[in-house]
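# Chain and residue survey
So the chains spell out like this:
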Amino acid sequence: MGTPEFPDLGKHCAVSDCKLIDFLPFTCDRCNQVYCLDHRSYIKHQCTKADKQDVTVVICPLCAKGVRLIPDQDPNITWENHVNTDCDPSNYEKVTKKKKCPAAGCKDILVFSNTIKCRDCMVDHCLKHRFGPDHKCPGPKKLESSFSFMGLMNRNRKQESKTNSSSTSSSSSKWTTSFLNAASNIRASAEAGMSKLSGEINQVWGTSSDVGGKSNSSGQVEQCPQCGAKFSSVTSLVDHVQKVHERSSNRSASNVTIDACPKCSKGFRDPVALVEHVERDHGGTSRK
């Protein structure tokens, strides 16, 4: 067998009637014998283990489950093992019972190609009854009924509100009172500054009315009480006060702001508006 250069080249066919030397032999993956080109198939060499890797499944009539028959094993033994360990007769109705459309009067069987789930009630229906009015959809479920956690939270909130109603009302009233005091202090300081400035302006106007709008003949220099600027006449001083200090006082008065809201960091110019915001948006109890 083989050649002088390659003495191990080629093998004889395992079929007794053939015994042909094949230099490219085939090994059967079931019986592990060597065959030639003509006898390489299972049928040609009548392989005794041709069903070694075959998959055969038998449906159990009791539970409707598939039972795989193991090669080289008696099917009766496989059946007994299934009945004693894995067989569940209650599964038969689940497997064999066909799901139908729940709409009234509909007998269509629901399969993969004609099943649509309603977005509101989340129930499978056929194509003809896929819309809400067709199957009398009750609508989306409430959160309290579907999520017990929400009901538990609401129950705890009611209990806390009953037990801590007095403490909550007192703390919120104290918080609102502190805001009112701060706002009144800021408003009082702003009004005091404005009254002081108006008094000085009135004093300057009185001096100008006595002089009659003429320049000081004695050569006395008029000085601004706010910034210390000097002028030769009372009229110039009054014009300076009106143009510079009166406008600046109006701007400062219009730009008066208070601290931001401690809850949402929102700023307010008017203290009363801040208090109303706290009572309305953050649960204040000063107003009903």
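In this text, all values refer to a predicted model and were calculated from it rather than measured experimentally.

Within the protein one finds 7 helices and 10 strands. Counting only residues that meet the buried cut, the protein has 22% of its 288 residues in that class. Once local pairs closer than 6 in sequence are excluded, the contacts in the protein between residues at least 24 apart make up 25%. Of the accessible surface of the protein, which amounts to about 21300 Å², a share of 53% is contributed by carbon and sulfur atoms.

Taken together, the side chains of F6, L9, I21, F23 and L24 present a nonpolar region at the surface, about 510 Å² in accessible area. As for its placement among the helices and strands, F23 is situated in the loop between β2 (21-22) and β3 (26-27). Under the relative-accessibility criterion, F23 is labelled partly exposed at 43%.

Let us now look at the nonpolar core. In terms of nonpolar packing, the biggest core is built from 7 residues, these being C13, V15, C28, C31, Y35, C36 and C47. When residues no more than four places from it in sequence are discounted, the contact partners of C13 are C18, K19, L20, V34, Y35, C36 and H39. In this structure, C101, C106, L110 and C126 belong to the second largest nonpolar core, which totals 5 residues.

As a further point, take the pattern of salt bridges. The full count for this structure, using the stated rule, is 5 salt bridges. Residue R30 pairs with D29 through a salt bridge whose shortest N-O separation is 3.9 Å. Among the residues examined, R30 registers a relative accessible area of 9% and is labelled buried. By relative accessible area, D29 is classed as partly exposed at 43%. The salt bridge partner of D108 is K128, with a shortest N-O separation of 3.4 Å. Of the two residues, D108 sits in the loop between α2 (91-96) and β7 (116-117) while K128 sits in the loop between β8 (124-125) and α3 (143-146), which places them 20 residues apart along the sequence.

The next point concerns the environment of Q53. Note that Q53 resides in the loop between β4 (34-35) and β5 (56-59). The spatial distance from the C-alpha of Q53 to the C-alpha of R30 is 8.0 Å, given a sequence separation of 23 residues. Residues in contact with Q53, not counting those within four places in the same chain, are D29 and R30.

The subject of this paragraph is the side chain of H240. You can see H240 is positioned in helix α6 (residues 234-254). For H240, a relative accessible area of 13% translates into the label buried. Leaving out residues up to four positions away in the same chain, H240 has contacts with C224, C227, A229, F231 and H245.

Turning our attention to the pairing of strand β6 (residues 66-69). Here β5 runs beside β6; their pairing, made up of 4 bridges, is antiparallel. Within β6, the position partnered with V58 by the bridge is V67. Linking two consecutive strands that pair antiparallel, namely β5 and β6, is a turn of 6 residues; a positive phi of about 65 degrees is found at A64 within it.

As a further point, take helix α7 (residues 271-281). The set of residues buried in α7 consists of P271, L274, V275, H277, V278 and E279. One or two residues past the end of α7 sits G283, with phi positive at roughly 80 degrees.

Cut-offs used in this document
- Residues numbered from 1 in each chain as written.
- Predicted model: local features only at pLDDT ≥ 70, side-chain atom pairs only at ≥ 80, totals over all residues.
- Heavy atoms only, no water.
- Helix = DSSP H or I, 4+ residues; strand = E, 2+ residues; numbered from the N terminus.
- Buried < 20%, exposed > 50% of the residue type's maximum accessible area, 1.4 Å probe, protein only.
- Contact = heavy atoms within 4.5 Å.
- Areas by Shrake-Rupley, 256 points an atom, 1.4 Å probe, with all protein chains shown as cover.
- Patch = residues over 30% accessible without salt bridge, like charges linked within 9 Å, V, L, I, M, F, W, Y side chains within 5 Å.
- Salt bridge = Lys/Arg side-chain N within 4 Å of Asp/Glu carboxyl O.
- Core = buried A, V, L, I, M, F, W, Y, C linked by side-chain atoms within 4.5 Å.
- Pairing = 2+ DSSP bridges.

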